[in-house]
Amino acid sequence: MPERIITMSEALNEAMFNEMKKNSDIILLGENVSSSFRGPTKGLKDAFGRERVRDAPISETSFIGAGIGAAITGLRPIVELMLVDFGLVAMDQILNQMGKTTYMSGGAVKIPITLRAVIGAGTSSGATHSESLYSLFAHMPGIKVVLPSTPYDAKGLLTSSIRENCPKVFLEHRLLYNVKGNVPKEEYTIPLGVANTCNEGNDVTIVASGLMLHESLKAAEKIKNKVSVEVIDPRTIYPLDEETILKSLQKTGRLIVVDEDYRYCGFSAEIAALAAEKAFKQLKGPIYRLATPNTPFPFNPRLERELLPNAEKIEKLIQKVIGE
Amino acid sequence: MSKIVLDNDKFLELYRVMIRIRTYETTLRTLSREGKIPARFGMYTGQEGVATGVSAHLKKDDQIGSTHRPVGHLIAKGINLDKLTAELCGKATGFNKGKAGSYHIFDPETGCLGANGIVGASVPMCAGYALRNQIKNDGRVTVSYFGEGGSNQGGIQETLNLAACWNLPIVFICENSSPVVQRMLGHEMDYPQLTIDNVSIRAAGYGMPGSTHDGWDVEEVYRVAGEAINRARSGKGPTLLEFKVHQFEGNLEGRLEANEKDKPFCPIDVLEHKLRIRQILKKDTEEKIRLEELELVQKAVKFALSSPEPDIKEAYTDVFGGAF
């Protein structure tokens, strides 16, 4: 099979196009989803019409709620949030209604909705346009949380998400939209809850998602002559592929979690707890977390860089962990 | 549009539904107070004319979204009393295996798509049911119930706007149970929760028709609801109807006692009076209807009480729509 290099944005577009073409119950709702300028949704309105690719007013509670209702009555909505931070105005619909209704109804209703949201810091966008928030969604019951890191994963994970019969929050890092990679033209799926070991190694295990996976891989590459680093991308924050992480820890005995989300009560703490509960005897030293401190993101680029994990900080931490 | 009028049979049918709701609620409230059943629910007493007059125009597969005072809406829509009672008592044979209780009942079979424990939260989801109807173009309509207190929720304001922008086949029904004093039912309030007499004037701000009517007159409810539902069904868009009601029993069952001065606003008294004058309702018919409905309710209570508790494993199931 010859390589076919496209961007993550194009990969996401392809997944939605293919699924919408096959299944007329799939609709797309959100602010400016009909726009021809925005990568992931480009061309979908022309292909499927304004009934199914529908612009909504700036009122997240109403259009996310409408997506939930449409899912309850048999459609398969993809709802787009321009930025994940904007989802905070619609938390009742997302956390109470989307996440709990299937349980509350005793399984009488299913909610096959995919809530896509753009995440990520690093563009000097300030405190309400930079967050990741996957820990928040993963903390609450009834929601699967998906975070692709490569164009290949983006297409496979989005296809799976659209097809699954439960609520998903599907997060797309803004700085990864233009990252390129090999993506097969044909359809394929990647199951939710299966991690990917992106770099094999023996000395230390790094667990990292989204943009932080790329930073971790850069650090691992740079230090590879001195330290053999295993880098794991969970791909889904929930459900979590515990087995892949625990297997890696059996081999390395050392764990670093790199996390762009806030540190306190966050995803990094969950991975650390997993290691402490289920791999305690294999651990050769303390677990380290490199995460964004519980501080709002500043506008100033220097201040923002100060808060965020990056390859340089990861490399230093690897050296520290190995030195112990 | 042809004029919407009631014939004698239809009058008696509406009377029967109102008696069913009243008998059901008072019987269950008494049993609950005596500690004989664990059911606890917000009462609809005094509002029966609204759900009855509205639902008389709805088909089985039309959808409704309800509130935390759902019993009247559900019964008028034709829900099975046995399973309803079992659910209110938390039994395995309830619609939702005892996981919903009164606040979250779902019965897709009769289009009862959600009571809701969050004030106003079912309304955005109702826009989704209506969106499904519009896309499928099969003539179904959605009725979205809320109260005057809920009308202040942002989600409802947003949804009124969204429904108008998308021209959705939906009728919003605001049951205003504080028609004289603007207060929240059952709560002392020092400040008003509304500074307008009629919630329906808000419709103008969203570009849809809105009007206010006597909710204690089922004939009036039937007429105006019929017009709004026909309008929605024929693709002409949403309507906001407000019905003034006198709620006799307060927010949660038993908190407030019936107020003597509210009695002239009892929808059942009002209808009985009309039907006797017009010689539609004779004494023996009335007694027969009341007895039959009481038997139906007693049968439902018996079913619920003899039903098993849910299996302890049910605590963990249905989070994502299947075994967890």
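Quantities reported herein were computed from a predicted structural model and do not represent experimental measurements.

A count of helices and strands for chain A gives eleven helices and 14 strands. Projected onto its principal axes, the C-alpha positions of chain A cover 60 × 45 × 40 Å. For chain A, the residues scored as buried account for 55% of the 324 residues in total. Contacts spanning at least 24 positions in sequence make up 79% of the contacts within chain A whose residues lie at least 6 apart.

At Gln97 of chain A, helix 4 (residues 91–104) of chain A is deflected by roughly 25°, the largest bend along its length. Most of helix 4 of chain A is tucked away, with eleven of its 14 residues classed as buried. Buried within helix 4 of chain A are the following residues: Asp92, Gln93, Ile94, Gln97, Met98, Gly99, Lys100, Thr101, Thr102, Tyr103 and Met104 of chain A. On its buried side, helix 4 of chain A packs onto helix 3 (60–72) and strand 5 (114–119) of chain A together with helix 5 (122–136) of chain B. Following helix 4 of chain A by one or two positions, Gly106 of chain A has its phi on the positive side, about 60°.

With 32 residues of chain B at the contact, the number on the chain A side is 35 residues. When grouped by side-chain class, the residues that make up the side of chain B that touches chain A number 18 nonpolar, nine polar and five charged.

A word on the nonpolar core. Ranked by internal contacts, the top residues of the largest apolar core, which has 179 residues, are Val145 of chain A together with Ile170, Val171 and Ile173 of chain B. Split by domain, this core shows at least three residues from each of two domains, domain 1 (5–182) and domain 2 (196–323) of chain A. If we skip the residues at most four places from it in the chain, Val145 of chain A touches Tyr134, Phe137, Ala138, Val169, Thr236, Ile237 and Tyr238 of chain A.

Let's shift gears to the domain arrangement of chain A. Residues and elements named next belong to chain A. Segmenting chain A into domains produces domain 1 (5–182) and domain 2 (196–323). With centres defined by C-alpha atoms, the gap from domain 1 to domain 2 works out at 26 Å. Tallying the contact residues gives 23 residues for domain 1 and 23 residues for domain 2. Tallied by class, the residues present in the side of domain 1 that touches domain 2 amount to twelve nonpolar, nine polar and two charged.

Here is what the cut-offs are and how they apply
Residues numbered from 1 in each chain as written. Chains lettered and ligands numbered in written order. Predicted model: local features only at pLDDT ≥ 70, side-chain atom pairs only at ≥ 80, totals over all residues. Helix = DSSP H or I, 4+ residues; strand = E, 2+ residues; numbered from the N terminus. Buried ≥ 20, exposed ≤ 12 C-beta atoms within 10 Å, placed from the backbone. Contact = placed C-beta atoms within 7 Å. Bend = angle between axes of the 7 residues up to and from the residue. Nonpolar A, V, L, I, M, F, W, Y, C, P; charged D, E, K, R; others polar. Core = buried A, V, L, I, M, F, W, Y, C linked by C-beta atoms within 7 Å. Domains from an automatic or database assignment.

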